[in-house]
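Structural description and commentary
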Amino acid sequence: MTESETTSILQPAPAQNTGLPRRLRAFFLGGFAVSLAVDLLFWQKPFGWSYLVWVGLILLAALILGRVEGKRPHPAALLLMGGALLSAALAVWRMEIGTRVYNVLFSLLFMGLACDSLLSGEVLRFRMVDAFLRGALTVFAAIERPISALLRLGDQKKRGEHPGTWRSVGFPILRGVLLALPVLLVFGLLLASADPVFGQYLEGFFAWLKVDNWFDFAFRVFYVLVLGFLFSGLLLHAYSEKRHYRRPDGGQGMVQPFLGRIETYTVLGLVLLLFGAFLLVQARYFFGGDTNINLDGYTYAEYARKGAEELIIVAVLSLGLYQVLHTVTKLPEKKDRLVLHILLTILMIEVVVILFSSYQRLMLYETAYGFTRIRVRTHLFILWLAALLALVVVIEWLGKSDRFFPVLLAVSFGFVVTQGLLNIDQHIVRQNLARLQGDLPADASRTLDHYHLSTLSDDAVPAMLDAARDGALGELEREMFTAELSCRLWNWSREAEGADPLPWYARNPSTVRAQALLAGFAPLPVTDSVEMPSVALSNGDSHACGWGPYWD
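Definitions and limits used
Residues numbered from 1 in each chain as written. Predicted model: local features only at pLDDT ≥ 70, side-chain atom pairs only at ≥ 80, totals over all residues. Heavy atoms only, no water. Helix = DSSP H or I, 4+ residues; strand = E, 2+ residues; numbered from the N terminus. Buried < 20%, exposed > 50% of the residue type's maximum accessible area, 1.4 Å probe, protein only. Contact = heavy atoms within 4.5 Å. Areas by Shrake-Rupley, 256 points an atom, 1.4 Å probe, with all protein chains shown as cover. Disulfide = S-S within 2.5 Å. Axes fitted to C-alpha atoms, helices over the stretch in contact; angles between N-to-C directions. Parallel < 35°, antiparallel > 145°, perpendicular 65-115°, else oblique. Left-handed = near helix turned anticlockwise from the far one by under 90°. Nonpolar A, V, L, I, M, F, W, Y, C, P; charged D, E, K, R; others polar. Core = buried A, V, L, I, M, F, W, Y, C linked by side-chain atoms within 4.5 Å. Salt bridge = Lys/Arg side-chain N within 4 Å of Asp/Glu carboxyl O. Polar contact = N/O pair within 3.5 Å; in protein donor to acceptor, adjacent residues only side chain to side chain.

Some thoughts on the overall build of the protein
Within the protein, the regular secondary structure consists of 20 helices and 2 strands. Within the span of the protein, comprising 552 residues, buried residues form 42% of the whole. Pairs at least 24 residues apart make up 79% of the contacts formed inside the protein by residues separated by at least 6 positions. Accessible surface, the protein: about 29,400 Å² in total, of which carbon and sulfur atoms supply 67%.

See the structure below:
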């Protein structure tokens, strides 16, 4: 065999002015390996450790391909990869649906950003418009890059640049395998007939080839091929020369300033007056509490309902106004920039105070009606939004306002990570119990909503178990928690009937922990019915097993 016949499949092609990596076949192998992992880890399997494994495989493939290419990822890209892994881990660790969705989205976002700036670390210099344009180009590159790579491989084949790679090595091996199949079939059947034990092992080894549903099999093959093509494109894009888009020289934005400073000062001045008037009205409620609320004709609960969402929207729109005015305003002199700094700082301070009003209203709402996922998540959002506003003031005075996107990305990531670290469903249980044991307004709800308990994930089981054993609680409250835990044990037993054990990567750590905690728990009897299985409570009510409305 000649040297050309033993050329590796990863042999680099001659450098060409295409912007593509050199070892194209390695990138296709990596892309299709990641795609095949999607099928093996996720097809008809619940969400579990598999997602973290899959994200880890993608990042590992990217690092290995970098080593093959002789290129090192930028530290900023490595930081994004670490953030993707952390988000993936939190998505697996928590079952609460919002926490899981946010962390999955952020792990994909961070991997996409790392893909686009893997070698350059440009993400730290992105403006908002840069992020949107580069994101769109990354999606386009997932289709365009593999097509360009295949065309380049075709050109190499025509020119005979790699005569031994596929034709002299790959095709002979494939022909040999096909010729050996009938021989192996005959010998295998004879040996299996001679030894039943060997026959069982042989049958088990080839069990994965059994196809019960050819339509499903064809669909799986199809999406593996499509995803492999796209993943190959993203890996190729990560190590390709980025020639489609360049930020304008001189630090200028995509939109050139066109608005005069007087117009901008007028807009900001009127907005500041409006916000100031609102805060003057709010001042009496900041210090007067529910006494002033009642004087204005509102009950405690009515006031709690009003305005929290609108005030958050005002804060978000104010950030948008800041970005727009900063982008389009012409500031020819230093004193003009100083005036704009002062006005925008006052605007951010007023918005922070408005957020405080929204936070206060939300606390009144929770005191009156209890804690839910949306209310707890909104609390966190307000706190992180206030942090973002403070950082905006800092970068404004440092003259780094074009760094808004990295700051926004960092604060958003903090908001998402906090949800995973907090354990929202467990927090809801504990806060609602503390609420019942505290002082409540006259028109507030004074009972535990036991139907709400069944909407919480297994993340809340440790807190529920503590409540069921808490002697300081009333007998009915303890019974409600015992009923919900009994329902979960009953549901787990029904799911396990006749089902094969899940592989380790399809298990969820939150459910595994909950099942371990309830191993010695004495459940209440569950009444099975066609409409809804339930547990009878001592007050004559019943607790449904599997109540499923969405609570706000």
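Looking at the state of the cysteines
In total, this model carries 1 disulfide according to the counting rule given. The disulfide bridge from C487 ends at C545, spanning 1.9 Å between sulfur atoms. Measuring handedness by torsion sign, the sulfur bridge of C487 and C545 sits at about -60 degrees and is left-handed. Taken together, the residues C487 in helix α19 (residues 475-496) and C545 in the segment after β2 (542-544) connect sequence positions 58 residues apart. Judged by its relative accessible area of 4%, C545 falls in the buried class.

Overview of the packing of helix α3 (residues 75-93) against helix α15 (residues 404-422)
The geometry of α3 relative to α15 is characterised by a closest axis approach of 10 Å and an angle of 30 degrees between their N-to-C directions. In terms of orientation, α3 and α15 fall into the roughly parallel class. For the element pair α3 and α15, the recorded crossing hand is left-handed. Counted together, L80, G83, L86, S87 and L90 of α3 and L409, F413, V417, G420 and L421 of α15 form the full contact between these two elements. Class assignment for the residues of the contact of α3 with α15 results in 7 nonpolar, 3 polar and no charged.

Here we look at the nonpolar core
Counting residues in hydrophobic clusters, the biggest one holds 56 residues, and the most contacted among them are Y51, W54, V55, L80, F110 and V123. Contributions of two or more residues to this core are made by α1 (24-42), α2 (49-69), α3, α4 (97-116), α5 (128-159), α8 (214-238) and α15. When residues in this core are grouped by element, the largest group, 9 residues, is from α3. With near-sequence residues (within four places) excluded, V55 lies in contact with A84, L85, A88 and M111. Core analysis: the next-biggest nonpolar cluster, separate from the first, contains 31 residues, V271, L347, I354 and L389 among them.

Details of the pattern of salt bridges
Across all of its chains, the model carries 9 salt bridges by this definition. With its nearest N and O atoms 3.6 Å apart, the salt bridge here joins R373 to E96. Here E96 lies in the loop between α3 and α4 and R373 lies in helix α14 (residues 373-397), a separation of 277 residues in the sequence. Per residue, the accessibility class of R373 equals that of E96, and both read buried. D425 is paired through a salt bridge with R373; the nearest N and O atoms lie 2.8 Å apart.

Quick look at helix α20 (residues 509-517)
Along α20, the residues classified as buried are P509, S510, T511 and A514. Here the buried face of α20 lies against α2, α3, α18 (461-468) and α19. Capping of α20 at its N-terminal end is provided by N508; its side-chain oxygen lies 2.9 Å from the backbone amide nitrogen of S510.

Digging into the side chain of E96
Given a relative accessible area of 1%, E96 falls into the buried group. Within polar-contact distance, the side chain of E96 engages the side chain of T99 at 2.6 Å. Residues contacting E96, with those up to four places away along its chain left out, are R373, R377, I424, D425, S457 and D459.

Section: the environment of S318
Within the secondary structure, S318 is located in helix α12 (residues 308-328). Spatially, the C-alpha atom of S318 lies 7.4 Å from that of V351, the residues being 33 residues apart in sequence.

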